[in-house]
Amino acid sequence: MWKTVDDYFSGALIAADSALAQVERVSEAAGLPAISVSAPQGKLLQLLVRCVRAHRVLEVGTLGGHSAVWMARAIRRPGRLVTFELDPRHAEVARANVDHAGVGDLVDIRVGPAAHGLRALLDEKPEPFDVVFIDADKASNSVYLDYAVRLGRPGTVIVVDNVVRGGRVLTATDEGSEGVRRLVDMLANRADVDSVAIQTVGSRGYDGFILAVVTDDVRC
Ligand code: SAH
Ligand code: DHB
Ligand code: MG
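## A few points about the overall build of the protein chain
Working step 1: Along the protein chain, the regular secondary structure elements total 8 helices and 7 strands.
Working step 2: Relative to its length of 220 residues, the protein chain is compact, with a C-alpha radius of gyration of 16 Å against a globular reference of 17 Å.
Working step 3: Taking the principal axes of the C-alpha coordinates as reference, the protein chain spans close to 45 × 40 × 30 Å.
Working step 4: Going through the 220 residues of the protein chain one by one, you find that 50% of them count as buried.
Working step 5: Put simply, of all contacts in the protein chain between residues at least 6 apart along the chain, 72% involve residues at least 24 apart.
Working step 6: On the protein chain, roughly 10,700 Å² of surface is accessible, and the fraction owed to carbon and sulfur atoms is 57%.
Working step 7: When the 25 basic and 29 acidic side-chain charges of the protein chain are each reduced to a single mean position, those positions are 3 Å apart.

Below, the structure is given as structure tokens:
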């Protein structure tokens, strides 16, 4: 039922995009795991990028570039999407996919552990990012959130994927679930970020995301 309802709304509200369909086909053919955002989730990210008229987007966890292409499509020029990917094979597939989708000029894929890459990025003192999508190893969520705030500005929108994980967030002791709870603890205790968690169902099952915004308040 969740998938059928997803398909109904997607069919009505999401324009067919052959390049996005190709991203998924190429990623699957290359043996990448089928864990990218669904079309409705991708469209939500795209609408957020549009809402804030973003020129600069940061992503942690590229995989085959599916979410990156969704977001890059809405970036205003001059613009940039910097995305971090640990696995060079994933990054190679993503490179081909973003190029084929016609947004390659906007997308900077950085290969290696994201925590290291984010540190290096911070040292470059870049212009602040307008939107951040955190979707990599869940154990490091709180580390990535901290970098997202430091690389953002008041008003920066941060989305963190997969925070419900079928309800496992409540009690499971795997490092991903522990990482989500550490993130929630951090958000609960920081005055410089305001946030909410939304549970979702759909073609990717039962999960959810956190939406956060960097506030004008000083860091506590
Ligand atoms: N955002 C993508 C899906 C990302 S899946 C989409 O929706 O299309 C998570 C990705 O994070 C995987 O490709 C995995 O290799 C990568 N990853 C895992 N640990 C990482 C780390 N420490 N640094 C950077 N990327 C990492
Ligand atoms: C997994 C990771 C994701 O980013 C996702 O959206 C779904 C599943 C995973 O690691 O299993
Ligand atoms: Mg995810």
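The rest of the description comes next.
## Structural notes on the site of ligand 1
Working step 1: Near ligand 1 you find 21 residues, and of these G61, S67, E85, H90 and D135 are the closest.
Working step 2: Within the backbone of L63, one N or O atom sits 3.5 Å away from an oxygen atom of ligand 1.
Working step 3: D137 places a side-chain nitrogen or oxygen 3.3 Å from a nitrogen atom of ligand 1.
Working step 4: Summarising the interface, the protein chains cover 89% of the accessible area of ligand 1, which totals 580 Å² for the free molecule.
Working step 5: Contributing elements (two or more residues each) for the shell around ligand 1: helix 4 (66-72) and strand 2 (80-85).
Working step 6: Split into classes, the residues belonging to the shell around ligand 1 amount to 10 nonpolar, 7 polar and 4 charged.

## Topic: the coordination of the magnesium ion (ligand 3)
Working step 1: Every protein donor of the magnesium ion (ligand 3) is listed here as D135 (OD), D161 (OD) and N162 (OD1), and their distances to the metal cover 2.0 to 2.1 Å.
Working step 2: Donor residues for the magnesium ion (ligand 3) sit on one chain with the sequence pattern D-x25-D-N. One end of the pair, D135, is in the loop between strand 4 (131-134) and helix 7 (141-150); the other, N162, is in the loop between strand 5 (157-160) and helix 8 (175-188), with 27 residues separating them in the sequence.
Working step 3: Classification of N162 by relative accessible area gives buried; the value is 18%.

## Remarks on the site of ligand 2
Working step 1: In the vicinity of ligand 2, the contacting residues are I35, D135, K138, D161 and N162.
Working step 2: A distance of 3.2 Å is found between an oxygen atom of ligand 2 and a side-chain nitrogen or oxygen belonging to D161.
Working step 3: Between ligand 2 and the protein, one listed contact pairs an oxygen atom with a side-chain N or O atom of N162 at 2.7 Å.
Working step 4: Within the shell around ligand 2, the residues separate by chemical class into 1 nonpolar, 1 polar and 3 charged.

## Some thoughts on the nonpolar core
Generally speaking, nonpolar side chains in soluble globular proteins are found buried as a group.
Working step 1: Core analysis: the biggest nonpolar cluster contains 31 residues, and V49, V57, L81, V103 and V107 have the highest contact counts within it.
Working step 2: For this core, the secondary structure elements donating two or more residues are helix 2 (18-29), helix 3 (39-51), helix 4, helix 5 (88-100), strand 3 (107-111), strand 4 and strand 5.
Working step 3: Considering every element that reaches this core, the biggest residue donor is helix 4, with 5 residues.
Working step 4: In contact with V107, not counting residues within four places along its chain, are A72, R80, L81, T83, R95 and V98.
Working step 5: In this structure, L122, V160, V164 and V193 belong to the second largest nonpolar core, which totals 29 residues.

## Focus on the pattern of salt bridges
Working step 1: Applying the stated criterion to the full structure yields 15 salt bridges.
Working step 2: As a salt-bridge pair, D192 and R190 come within 2.9 Å of each other at their nearest N and O atoms.
Working step 3: The exposure class assigned to R190 is buried, which follows from its relative accessible area of 10%.
Working step 4: Each member of the salt-bridge network shares a partner with another, and the members are D146, R150, R190 and D192.

## Describing the sheet that holds strand 6 (residues 193-202)
For sheets, the rule is that strands pair by backbone hydrogen bonds, running either parallel or antiparallel.
Working step 1: Taken together, the 7 strands give an open sheet; going across it, the order is 3-2-1-4-5-7-6, and neighbouring strands pair in mixed fashion. Across the chains shown, the open sheet's two edge strands, defined by having one partner strand only, are strand 3 and strand 6. Each strand of the sheet is rotated relative to its neighbour by a mean of 15°, with strand direction disregarded.
Working step 2: Inspection of the sheet shows strand 1 (residues 56-60) paired to strand 4 by 4 bridges, in the parallel sense. Each residue of the ladder has a partner; that of L58, found in strand 4, is V132.
Working step 3: On the sheet, helix 6 (residues 114-123) packs against strand 1, strand 2 and strand 3 and is oriented at approximately 145° with respect to strand 2.
Working step 4: The strands touched by helix 8 within the sheet are strand 5, strand 6 and strand 7 (205-214), with strand 7 carrying the most contacts at an inclination of about 30°.

Parameters at a glance
- Residues numbered from 1 in each chain as written.
- Chains lettered and ligands numbered in written order.
- Predicted model: local features only at pLDDT ≥ 70, side-chain atom pairs only at ≥ 80, totals over all residues.
- Heavy atoms only, no water.
- Helix = DSSP H or I, 4+ residues; strand = E, 2+ residues; numbered from the N terminus.
- Rg over C-alpha atoms; globule rule 2.2 N^0.38 Å.
- Buried < 20%, exposed > 50% of the residue type's maximum accessible area, 1.4 Å probe, protein only.
- Contact = heavy atoms within 4.5 Å.
- Areas by Shrake-Rupley, 256 points an atom, 1.4 Å probe, with all protein chains shown as cover.
- Lys, Arg positive; Asp, Glu negative; His and termini not counted.
- Charge placed at Lys NZ, Arg CZ, Asp CG, Glu CD.
- Near = heavy atom within 4 Å.
- Polar contact = N/O pair within 3.5 Å; in protein donor to acceptor, adjacent residues only side chain to side chain.
- Nonpolar A, V, L, I, M, F, W, Y, C, P; charged D, E, K, R; others polar.
- Donors = N, O, S within 2.8 Å, 3.2 Å for Na, K, Ca; no water.
- Core = buried A, V, L, I, M, F, W, Y, C linked by side-chain atoms within 4.5 Å.
- Salt bridge = Lys/Arg side-chain N within 4 Å of Asp/Glu carboxyl O.
- Pairing = 2+ DSSP bridges.
- Axes fitted to C-alpha atoms, helices over the stretch in contact; angles between N-to-C directions.

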